[in-house]
Amino acid sequence: MTSVGYDPAAPSPELERRGIRLGDVLFQGIAVAASVAATVLLGMIVYQVVSDAWPAIQEFGLAFVWTEAWDPVKDSYGALTFVYGTVVTSLIALLLATPLSIAIALFLTEIAPRRVAAPIATMVELLAAIPSVVLGLWGILVLGPWVRDTLEPWLQSFLGWIPLFSGEPSQAGMLPAALVLTIMIIPITSAICRELFARTPRDLMDGAMALGSTRWEAIRGVMFAYAAPGIAAAVLLGLGRAFGEAIAVNQVIGGANSINISLFAPADSLGSRIAAQYQGATSQLQASSILYLGAILMVISLVTNVIAQAIVTRFERSRRAY
């Protein structure tokens, strides 16, 4: 029987004297457990992928990365075609999405009235909610034909002397895949940039304009300088998103086992090849080679994240130096 006014959940007097609260202890324990669980889960994923890819790693070694062949009949495999398609489509998407994302973020934070900015921001962020397979179908039915009939002929008429824009226009290739990836990474990059711009201290902006700077000069000299580490991280986060996309890219890239300089030609990527062929692998070595592609994709993502962290750290050190 408990006495009146006694709270069983309250810490004991001994713990109170030591400055220890039960809620703090529980919160710390849950946070540590969640961190350990995430680390263990990541380690298990890496172990399983490397373990399943080990037969291909033993068979082909590091030469797998720069070998172009992919022939299930002869059990000869290499990743160069897919690494090339992944890097080219992702970098093109990054080049297109970065200025668009920054422009959208600037418009929503500095130009558009609040009643207009809120619904536009919601619509941009809703792009991230579109399933990859639906976006891929839109790429097949709408974007691909438009690229083949309008965009690629127009690019060819002005830039056809450049190998990148030569060849026969096609609705499936690296250019449609890059455009789909652009649409997919704009929401996350623009949302992060918008948050960074909104958090720029207004007194810094007002002070710059009070000293005679135009609005654009204040944005360029103050807002961009303040948000530079975050912008770099947002851009590389979008690049990591582009590297890992599989389903939508698989539907529009063409699935060709060859390297072509022209952006009009069909190609393939790491994620696309994994999604397309793993379930239908005809031999243990083919399945292991596909898992080897997954291991390469994980390494690329890890390197991207490390570079992003290094850039952010460098920006922060430069800022503290001044």
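Below: a short report on this structure.

What counts, and where the lines are drawn
Residues numbered from 1 in each chain as written. Predicted model: local features only at pLDDT ≥ 70, side-chain atom pairs only at ≥ 80, totals over all residues. Heavy atoms only, no water. Helix = DSSP H or I, 4+ residues; strand = E, 2+ residues; numbered from the N terminus. Rg over C-alpha atoms; globule rule 2.2 N^0.38 Å. Buried < 20%, exposed > 50% of the residue type's maximum accessible area, 1.4 Å probe, protein only. Areas by Shrake-Rupley, 256 points an atom, 1.4 Å probe, with all protein chains shown as cover. Lys, Arg positive; Asp, Glu negative; His and termini not counted. Charge placed at Lys NZ, Arg CZ, Asp CG, Glu CD. Core = buried A, V, L, I, M, F, W, Y, C linked by side-chain atoms within 4.5 Å. Contact = heavy atoms within 4.5 Å. Phe/Tyr/Trp six-rings, centres within 6.5 Å; stacked < 30°, edge-to-face > 60°. Salt bridge = Lys/Arg side-chain N within 4 Å of Asp/Glu carboxyl O.

Let's shift gears to the overall build of the protein chain. The number of helices and strands found in the protein chain is 11 helices and 2 strands. When the helices and strands of the protein chain are placed in sequence order, the string is α-α-β-β-α-α-α-α-α-α-α-α-α. Relative to the globule expectation of 20 Å for 322 residues, the C-alpha radius of gyration of the protein chain, 25 Å, shows a markedly less compact shape. Dimensions of the protein chain, computed from the C-alpha atoms along their principal axes, are close to 80 × 60 × 40 Å. By residue count, 36% of the 322 residues in the protein chain fall in the buried class. As displayed, the protein chain has an accessible area near 18200 Å², and 67% of this comes from carbon and sulfur atoms. Of note, the protein chain has its 18 positive side-chain charges centred 10 Å away from the centre of its 21 negative side-chain charges.

Our focus in this paragraph is the nonpolar core. Formed by 40 residues in total, the largest nonpolar core has its most connected members in Phe64, Phe197, Leu270 and Ile296. The set of elements that each furnish at least two residues to this core consists of α2 (22-60), α3 (80-111), α6 (174-198), α7 (202-210), α8 (215-244) and α11 (284-321). Per-element tally for this core: the top contributor is α8, with 11 residues. Setting aside its immediate chain neighbours within four residues, phenylalanine 64 contacts Trp70, Tyr77, Gly78, Ala79, Leu80, Ser289, Tyr292, Leu293 and Ile296. The next biggest cluster of nonpolar side chains, apart from the first, holds 28 residues, and it includes Ala93, Leu143, Val147 and Ala178.

Working definition: an aromatic ring pair is given by the centre-to-centre distance plus the angle between the planes. According to the stated counting rule, one finds 9 aromatic pairs in the structure shown. Note on phenylalanine 60 and phenylalanine 64: the rings are 5.8 Å apart at their centroids and 35 degrees apart in plane angle, and the pair reads as tilted. Note on accessibility: phenylalanine 60 and phenylalanine 64 belong to one class, buried. Taken together, a centroid distance of 5.3 Å and an interplanar angle of 55 degrees make the contact between tryptophan 154 and phenylalanine 158 tilted. In this pair, tryptophan 154 and phenylalanine 158 both sit in helix α5 (residues 132-159), 4 residues apart, roughly one turn of the helix.

To continue, consider unusual backbone geometry. Non-glycine residue aspartate 75 carries a positive phi angle of around 55 degrees. For aspartate 75, a relative accessible area of 30% translates into the label partly exposed.

Once that is clear, we can look at the side chain of threonine 89. Mapping threonine 89 onto the fold places it in helix α3. On the basis of relative accessible area, threonine 89 is assigned to the buried category, the value being 1%. The contacts of threonine 89, once residues within four sequence positions are left out, are Met174, Ala177, Ala178, Leu181 and Ile253.

What follows deals with the pattern of salt bridges. For the coordinates displayed, the defined rule picks out 6 salt bridges. In this structure, the salt-bridge partner of arginine 148 is aspartate 149, at a minimum N-O distance of 2.9 Å. Look at arginine 148 and you get partly exposed, because its relative accessible area is 32%. A relative accessible area of 48% means that aspartate 149 is categorised as partly exposed. Note that glutamate 195 is salt-bridged to arginine 199, the shortest N-O span being 2.9 Å. On the basis of relative accessible area, arginine 199 is assigned to the exposed category, the value being 61%.

Turning our eyes to something else, we now look at the environment of alanine 121. By the element assignment, alanine 121 lies in helix α4 (residues 114-126). Under the relative-accessibility criterion, alanine 121 is labelled buried at 8%. Counting along the chain gives 12 residues from alanine 121 to threonine 109, while the straight-line C-alpha distance between them is 9.9 Å. With sequence-adjacent residues up to four places away left out, alanine 121 is seen in contact with Leu108 and Arg194.

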